[in-house]
Amino acid sequence: MRQDHLISASQLSRADIEAVLDRAAEIDADPAAWAAAHDRAVLGLCFFEPSTRTKMSFETAIKRLGGATTDMGSVESSSVKKGESLADTVRVVEGYADALVLRHPSEGAAKMAAEFVDVPVINAGDGAGQHPSQTLLDLYTIRENVGLDDLSIGIMGDLKYGRTVHSLAEALTNFDVRQHFISPESLRLPRGVRFDLHQSGAQVREHTELDAVLPDLDVLYVTRIQRERFPDESEYEKVAGEYQIDAQTLTAASDDLAVMHPLPRVDEIDPKVDATDHATYFEQAHNGVPVRMALLDSLLEDDQ
Amino acid sequence: MSDHELRVAKIRNGTVIDHVSGGQALNVLSILGIDGSEGLGVSVGMNVPSDRLGHKDVVKVEDRELSQSEVDVISLIAPEATINIIRDFEVVQKNRVDRPETVVGLLSCPNRNCITNANEPVESKFQVVDDGVRCAYCGTIIRDSLADHIDPE
């Protein structure tokens, strides 16, 4: 990858994406061969918001490359609590680490952080903005299951605030993919993302119901609709209920449909779906390690 | 000299911003960061008749020659504006405004959750796109009423 940082999926070309996915496949096939690939590297973890999968998979990834982590800990226990700016925090941690992984509640935080440091910055989620490393593992999972060209994907749920959705939609414009966006009217894709999709000439359709489009899909990517996005509980219950799937819903789908979810799920995918061949979300989560190993390898390599 | 030109007196030295869209003169001054406290002589004509625009605004700033990069930002709200540099009552230079590629430190991002609104040491930055501007940090697009987003600081 020719990038210094990974801030947004829109910066990734098809060649960039394929290079990381190919490397991830090599790692997946023989993880032991990579055990000392970056044995002097230290990865700085700056998580200003809670995280389980992203943080743990980055930690595992650098350890499986032979490296180590340094972690600023929770906001409550760090100097952020004393009022330190993000710009200062990353300039300090830069001195302890060879690359930074940053999650922050403000949109644009990773882009700003990258302007203040010389080590690679990986955006691990900036508010309702982007989450490009999640996208790389999503694409890896799609490629492994159904391939990345001549594909119909349905992306459903909270498209407005869902950062995994924004990154995935933009990255998919590099491939021959028909994108169907399924959401309540109030949670449609934000104007900035629709602008990018339009500019790239992507094949995009928007729907408020899954039924009409489900039989045509190769992938259904489900995201959580969050309670706090709605003014009152009853409105949330009404809307969220329309975007939940269960084994019955999937009887209308193709046998080969892969159901994905960035996790955590609450009740948008019924646990009975887990036992079907459609369920791909745990495999997707596991792919976080080889894909993030490949990403770190690429960024640390460029930095040497 | 026609009647409407007399509404705003000629200046000896400085810059005349002409053919500003009617009603935008005060926003032009705001964009230029001119609020009177600099001690510059400033004359404003608003909604004066214009052959080209029907009605236009005119802004005259005495004893200051504005650079092209300063005035290009004006194109966002007054794309027809012309810039005349005046020396000893004569127009020595006449330019159109060009759309800049980026606008730094002028507009505030309407997304309250944008990092540029988070008390960090960073200036706002917008890329100029087809029909508006786009925050370089959070991607928010502003299409209408750009002048409402001029940062007063």
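Here is what the cut-offs are and how they apply
- In this numbering scheme, every chain counts its residues from 1 along its sequence in written order.
- Chains and ligands are labelled sequentially in the order written, the chains with letters from A and the ligands with numbers from 1.
- Residue-level local features of this predicted model are given only where pLDDT is at least 70; pairs of side-chain atoms are given and counted only at 80 or more, and the full residue set underlies all totals for whole chains, interfaces and linings.
- A run of H or I in DSSP becomes a helix once it reaches four residues, and a run of E becomes a strand once it reaches two; helices and strands are each numbered from the N terminus.
- Here, residues touch in the contact sense if the C-beta positions derived from the backbone fall within 7 Å of one another.
- Under the grouping applied here, Gly and all other residues not named as nonpolar or charged are polar, the nonpolar ones being Ala, Val, Leu, Ile, Met, Phe, Trp, Tyr, Cys and Pro and the charged ones Asp, Glu, Lys and Arg.
- pLDDT runs from 0 to 100 and stands for how confident the predictor is about each residue.
- Two strands qualify as a pair provided that DSSP identifies no fewer than 2 bridges between them.
- Fitting a line to C-alpha atoms yields each axis, with helices limited to the stretch in contact; the angle taken between N-to-C directions then spans 0 to 180 degrees.
- The start and end points of each domain follow an automatic or database-based domain assignment.
- Residues are called buried when their C-beta atom has 20 or more other C-beta atoms within 10 Å, exposed when it has 12 or fewer, and partly exposed otherwise; all C-beta atoms are positioned from the backbone.

*Asks:* Let's hear about unusual backbone geometry: which residues, and what values?
*Replies:* In this chain, Leu 263 of chain A is followed by Pro 264 of chain A through a cis amide linkage whose omega measures 10 degrees. You will see that His 19 of chain B, though not glycine, has its phi angle at about 55 degrees, which is positive. On the secondary structure map, His 19 of chain B appears in strand 1 (residues 14-21).

*Asks:* Quick one: what's the story with the interface of chain B and chain A, residue by residue and with numbers?
*Replies:* Chain B puts 15 residues into the contact, and the matching count from chain A is 14 residues. The residue makeup of the side of chain B that touches chain A, split by class, is 8 nonpolar, 5 polar and 2 charged.

*Asks:* Before we move on, could you go through the confidence of the model for chain B and cite the residues and values that matter?
*Replies:* For chain B, the average pLDDT comes to 89, and 93% of its residues sit at 70 or higher. Interface confidence for the predicted complex, expressed as ipTM, amounts to 0.92; the pTM equals 0.90.

*Asks:* Tell me about the sheet that holds strand 8 (residues 219-222) of chain A, and please be specific about residues and values.
*Replies:* Residues and elements named next belong to chain A. In space, the 5 strands of this open sheet follow the order 7-6-5-8-9, with parallel pairing throughout. Single-partner strands in this sheet number two, and they are strand 7 (203-207) and strand 9 (258-260). Taking the axes of each pair of neighbouring strands and ignoring which way they run, one obtains an average angle of 20 degrees across the sheet. Direction of pairing for strand 5 (residues 151-156) relative to strand 6 (residues 177-182): parallel, over a ladder of 6 bridges.

*Asks:* Let's hear about the domain arrangement of chain B: which residues, and what values?
*Replies:* Residue and element names in this part refer to chain B. When cut into domains, chain B gives domain 1 (4-96) and domain 2 (102-149). Facing 6 residues of domain 1, the contacting portion of domain 2 comprises 5 residues. Looking at the side of domain 1 that touches domain 2 residue by residue, the classes come out as 4 nonpolar, 2 polar and no charged.

*Asks:* Could you give an account of the pairing of strand 1 of chain B, naming the residues involved and the relevant values?
*Replies:* Residues and elements named next belong to chain B. The buried fraction of strand 1 amounts to 6 of the 8 residues, a majority that puts the element mostly inside the structure. Pairing of strand 1 with strand 4 (residues 82-87) involves 5 bridges; the strand directions are antiparallel. Bridge pairing links Asp 18 to Thr 82 in strand 4. Where strand 1 meets strand 3 (residues 54-62), 6 bridges bridge the pair, whose relative direction is antiparallel. Bridge pairing in strand 3 places Gly 14 opposite Glu 62.

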